[in-house]
Amino acid sequence: MNNLPALRSKEELVKFTDAVYQNPRLRQPFIEETAWPLLPSEVVDVLATMLGSRPTIEVAAGTGYLAAHLRALGCTKYKAYDNRSSHYEKASPNYGVILGNALQVNLEPFHAVVMSWPCHKTNFASSIAKKMTSGQILYFQGDWRGCTADNLFFELLGEEFTKLTAETDRLNKHHVQYDFNRDEWYVFKKL
Ligand SMILES: C[S@@+](CC[C@H](N)C(=O)[O-])C[C@H]1O[C@@H](n2cnc3c(N)ncnc32)[C@H](O)[C@@H]1O
């Protein structure tokens, strides 16, 4: 497994977004080393507390940066899958992700599903939302009806899920965005 880059604080990531604003080329290597969203340590701490040792699956987990940090923070039953179908060169790091198609994994044993920046050009996100079963919690990180996840996914969230507002607000309290996107955390429970 590759060496895991440390989490950065909210303060450090705010400075980083300023640097990216001056030089957009800084963003891509950062994404390939870490993740698509900015993940301040304060937010990852909150998520780790919410998930605890409950069985959790992260789908389309990319490098596994979030997964590895959550495991280190006590999320001992956290599995992460990615099939490396897009956005990554074969040589990009893997911090403990299982290589495979997340759509073929049985979601039933899991209490929670974590999904960050799934591709909006495929039906991946809506397929995951359909497969989830009543009572399961979805932690979604992305742009609301933007460039993360397909439109059907957002329709399903409105029809088949209920938003957990307190959890959503806790995750967003310290969230940092790049100035050109509006990604946020969303927590939903399947009805
Ligand atoms: C925009 S990237 C986001 C990665 C990561 N969630 C993050 O936030 O850094 C989308 C990811 O979806 C993965 N992906 C797409 N279809 C998949 C599938 N069927 N199973 C597993 N991963 C998939 C791609 O390989 C890519 O890593």
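This structure is a prediction, so every number in the text was calculated from the model and none was measured.

**Details of the overall build of the protein**
Phase 1: When helices and strands are counted, the protein shows 7 helices and 7 strands.
Phase 2: Taking the principal axes of its C-alpha atoms as reference, the protein extends roughly 45 × 30 × 30 Å.
Phase 3: Across the 191 residues that make up the protein, the buried fraction comes to 38%.

**Regarding the pairing of strand β4 (residues 112-116)**
Phase 1: Judged by how many residues are buried, β4 sits mostly within the fold: 5 of 5 residues are covered.
Phase 2: Burial along β4 is two-sided: the face carrying Ala112, Val114 and Ser116 and the face carrying Val113 and Met115 are both buried.
Phase 3: As judged from the 4 bridges shared by strand β1 (residues 56-59) and β4, these two strands associate in the parallel manner. In the strand pairing of β4, Thr56 is matched with Ala112.
Phase 4: Two strands pair when backbone bridges link them, and β4 and strand β5 (residues 137-143) are joined in this way by 5 bridges, in the parallel orientation. In the sheet register, Val113 faces β5, and the bridge partner there is Leu138.

**A few points about the sheet that holds strand β3 (residues 98-99)**
Phase 1: Across the sheet, which stays open at both edges, the 7 strands sit in the order β3-β2-β1-β4-β5-β7-β6 with mixed pairing between neighbours. The sheet terminates laterally at β3 and β6 (161-163), the two strands that pair on one side only.
Phase 2: The sheet contact formed by strand β2 (residues 78-82) and β3 spans 2 bridges and is parallel. Paired with Asp82 across the strands is Leu99, a residue of β3.
Phase 3: Packed onto the sheet, helix α4 (residues 65-72) meets β1, β2 and β4 and runs at close to 170° relative to β2.
Phase 4: In this fold helix α7 (residues 165-172) packs onto β6 and β7 (183-190), with an angle of close to 155° to the strand it touches most, β7.

**Overview of the nonpolar core**
Phase 1: Formed by 52 residues in total, the largest nonpolar core has its most connected members in Val59, Ala67, Val113, Met115, Leu138 and Tyr139.
Phase 2: Element by element, the count of residues in this core is highest for α4, at 5 residues.
Phase 3: Those residues in contact with Tyr139 that sit more than four places away from it in its chain are Leu47, Ala112, Val114, Trp185 and Val187.

**Quick look at helix α5 (residues 124-131)**
Phase 1: Within the sequence span of α5, burial applies to Phe124, Ala125, Ile128 and Ala129. Along the axis of α5, the buried positions cluster into a sector of 135°, meaning they face one direction only.
Phase 2: Buried positions along α5 lie against β1, β4 and α6 (151-160).

**Some thoughts on the packing of helix α3 (residues 41-51) against α4**
Phase 1: Packing of α3 against α4 brings their axes to within 9 Å, and their N-to-C directions diverge by 65°. The crossing of α3 and α4 is right-handed. Across the interface between the two elements, Val44, Leu47, Ala48 and Leu51 of α3 pack against Leu66, His69 and Leu70 of α4.
Phase 2: Looking at the contact of α3 with α4 residue by residue, the classes come out as 6 nonpolar, 1 polar and no charged.

Conventions used here
Residues numbered from 1 in each chain as written. Predicted model: local features only at pLDDT ≥ 70, side-chain atom pairs only at ≥ 80, totals over all residues. Helix = DSSP H or I, 4+ residues; strand = E, 2+ residues; numbered from the N terminus. Buried ≥ 20, exposed ≤ 12 C-beta atoms within 10 Å, placed from the backbone. Pairing = 2+ DSSP bridges. Contact = placed C-beta atoms within 7 Å. Axes fitted to C-alpha atoms, helices over the stretch in contact; angles between N-to-C directions. Core = buried A, V, L, I, M, F, W, Y, C linked by C-beta atoms within 7 Å. Arc of directions from axis to C-beta. Left-handed = near helix turned anticlockwise from the far one by under 90°. Nonpolar A, V, L, I, M, F, W, Y, C, P; charged D, E, K, R; others polar.

Bear in mind that shape data such as this cannot, by itself, settle questions of function.
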